[in-house]
Amino acid sequence: MPDAITDSQRLQAQLRYPCGDVPDPGVIKNVAPGIYWLRMPLPFQLNHINLWLIEEKDGWTIVDTGINTDATRELWEKIFAHHLGGKPVIRVVATHLHPDHVGLAGWLCERWNAPLLMTLGEYMSAVAARNDFIENEDLRAAHLLRNGVPADSIPLFHRHKGGYAKGVAPLPPAFQRMIHAHPITLGGHRWDVVVGRGHAPEHASLWCPELNVLIAGDQVLPKISTNVGVWPNEPFADALTWFLDGFSRFRRLPADALVLPSHGFPFVGMHTRLDQLVAHHDARLNEITAAIARTGSRGSTGWDMVPVLFPRHLDNNQVVFAFGETLAHLHCLETRARVKRTVVDGVHRFVALLDTSTSPSDDSETEMMDTGTA
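The model shown is predicted, which means the values in this text are computed figures rather than measured ones.

Procedures and definitions
- Residues numbered from 1 in each chain as written.
- Predicted model: local features only at pLDDT ≥ 70, side-chain atom pairs only at ≥ 80, totals over all residues.
- Heavy atoms only, no water.
- Salt bridge = Lys/Arg side-chain N within 4 Å of Asp/Glu carboxyl O.
- Helix = DSSP H or I, 4+ residues; strand = E, 2+ residues; numbered from the N terminus.
- Buried < 20%, exposed > 50% of the residue type's maximum accessible area, 1.4 Å probe, protein only.
- Polar contact = N/O pair within 3.5 Å; in protein donor to acceptor, adjacent residues only side chain to side chain.
- Pairing = 2+ DSSP bridges.
- Axes fitted to C-alpha atoms, helices over the stretch in contact; angles between N-to-C directions.
- Parallel < 35°, antiparallel > 145°, perpendicular 65-115°, else oblique.
- Left-handed = near helix turned anticlockwise from the far one by under 90°.
- Contact = heavy atoms within 4.5 Å.
- Nonpolar A, V, L, I, M, F, W, Y, C, P; charged D, E, K, R; others polar.

Quick look at the pattern of salt bridges
Where charged atoms of side chains with opposite charge meet at close range, the side chains can pair. Summed over all chains, the structure comprises nine salt bridges. Here Arg 284 and Glu 287 are joined by a salt bridge, their closest N and O atoms 3.0 Å apart. Separated by three residues within a single helix, Arg 284 and Glu 287 lie in helix α11 (residues 270-293), roughly one turn from each other. In this structure, the salt-bridge partner of Glu 334 is Arg 341, at a minimum N-O distance of 2.9 Å. Given a relative accessible area of 21%, Arg 341 falls into the partly exposed group.

See the structure below:
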């Protein structure tokens, strides 16, 4: 008997993948008029990032950069030597601050004397993170203790200190600002900036009506669910609500648009994928509400709920992102008035407001969360 079709395979079958195989390392692949796909390695469970080259009349635009490693730089040098046709890089665009997207922006901009384009929120957050302005160990420890993390587990989270600066080369001291709904010109075409929040402060996707192409960044991924977390520098953020609310901006785009995501394969079926992601998060919200309801009036902390949302084994890196994602789901439930927050001896607990009998989702094959970046 053949193996049963998994839920993940069923969801994937609802999308269309028109661009074929992944380009080899150091090679670019044409996926739309003037747009080329390349892939760089990442030293994480999520082991790759898709980057994009847009051909200009007098040069090239790079969209996202890869992480700051020797391996990534070597692959870029191979591309420069063999695939640019002698034309220079004239512009670098970073969709958001995470190291796999902006890690080599400073190096690329300096090498080609090219400007960097980012939204204000992403550029300033990247500068703050790289210079260690965002959080310190005391702030982080207070955030963790407040949400139920045992004192002996806090060092797991401190191990991430300084990790951002390792993955991101020094950033250019100046940049050109992208603003939501304000178009920019790339490759002779108008591209509209579509800002989303929740995964990053002011993530910029790029939409070209003439080409019917969306460079989605991490906002719409075809297989994995984008990491949406709450972090110590913004401890009461409602990141998941912001992330899901942003889907309305993508639903205005044509259903047959070619989506160029940062992870996975280029695909067609954006509206279907948005529906899948909403269903995925609704199922997770139902599961966590049911688990909280079982604790009665005592309620549960964010730390208590991590194994409910992520029942598999998590390594030290994954625990950090899983905890942030769990808090994002709890804060979304609070906004939706499905749980209330109580404070007992300085620890925040969540108590169910609705007597839920919701059965767990049939989405039994939990998608891999994007835990490869900050």
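Past the structure itself, the notes keep going.
Considering the side chain of Arg 284
Residue class for Arg 284 comes out buried when judged on its relative accessible area of 4%. Of note is the side chain of Arg 284, whose polar atom sits 3.0 Å from the side chain of Glu 287.

What about the sheet that holds strand β10 (residues 203-208)?
Taken together, the six strands give an open sheet; going across it, the order is β8-β9-β10-β11-β12-β13, and neighbouring strands pair in mixed fashion. In the strand order of this sheet, the two ends are held by β8 (184-186) and β13 (267-268), each with one partner. Sheet topology places strand β12 (residues 258-261) next to β13; two bridges connect them, and they run antiparallel. Bridge pairing links Leu 258 to Val 268 in β13.

Digging into the pairing of strand β3 (residues 48-55)
Of all eight residues making up β3, seven are buried, and the element is well covered by its neighbours. The sheet contact formed by strand β2 (residues 35-41) and β3 spans seven bridges and is antiparallel. By the bridge assignment for β3, Ile 35 is matched with Ile 54. With antiparallel pairing between neighbouring strands as the criterion, β2 and β3 make up a hairpin whose turn holds six residues. Sheet topology places β3 next to strand β4 (residues 60-63); four bridges connect them, and they run antiparallel. Of the residues in β4, the one forming a bridge with Leu 53 is Ile 62. Hairpin remark: β3 followed by β4, antiparallel, with four residues in the connecting loop.

Some points on the packing of α11 against helix α12 (residues 302-309)
Helix-helix packing: each pair is described by the crossing angle between the helix axes and the interaxial distance. Running from amino to carboxyl end, α11 crosses α12 at an angle of 125°, the nearest separation of the two axes being 10 Å. Taken together, the axes of α11 and α12 are oblique relative to one another. Crossing handedness for the pair α11 and α12: right-handed. Across from Arg 284, Glu 287, Ile 288, Ala 291 and Ile 292 in α11, the residues of α12 making contact are Met 305, Val 308 and Leu 309. Here the contact of α11 with α12 is built from residues that sort into six nonpolar, no polar and two charged.

Some thoughts on helix α4 (residues 105-112)
All of the buried residues along α4 are Ala 105, Gly 106, Trp 107, Leu 108 and Cys 109. Tucked into the core, α4 has its buried residues touching β4, α2 (70-83), β5 (89-93), α3 (99-102) and β6 (116-119). Phi turns positive one or two residues past the end of α4, at Asn 113, with a value near 50°.

Details of the packing of α2 against α4
Orientation of α2 relative to α4, taken along the N-to-C sense of each, is 35°, at an axis distance of 12 Å. Seen from above, α2 lies across α4 with right-handed handedness. Of the residues in α4, those in contact with Arg 73, Trp 76, Glu 77 and Phe 80 of α2 are Trp 107, Leu 108, Arg 111 and Trp 112.

Re the pairing of strand β1 (residues 29-32)
In this structure, β1 lies alongside β2, joined through three bridges in antiparallel fashion. Bridge assignment links Asn 30 to a residue of β2, and that residue is Tyr 36. Once β1 ends, the chain turns through two residues before running back antiparallel as β2, passing Gly 34 with a positive phi of about 75°.

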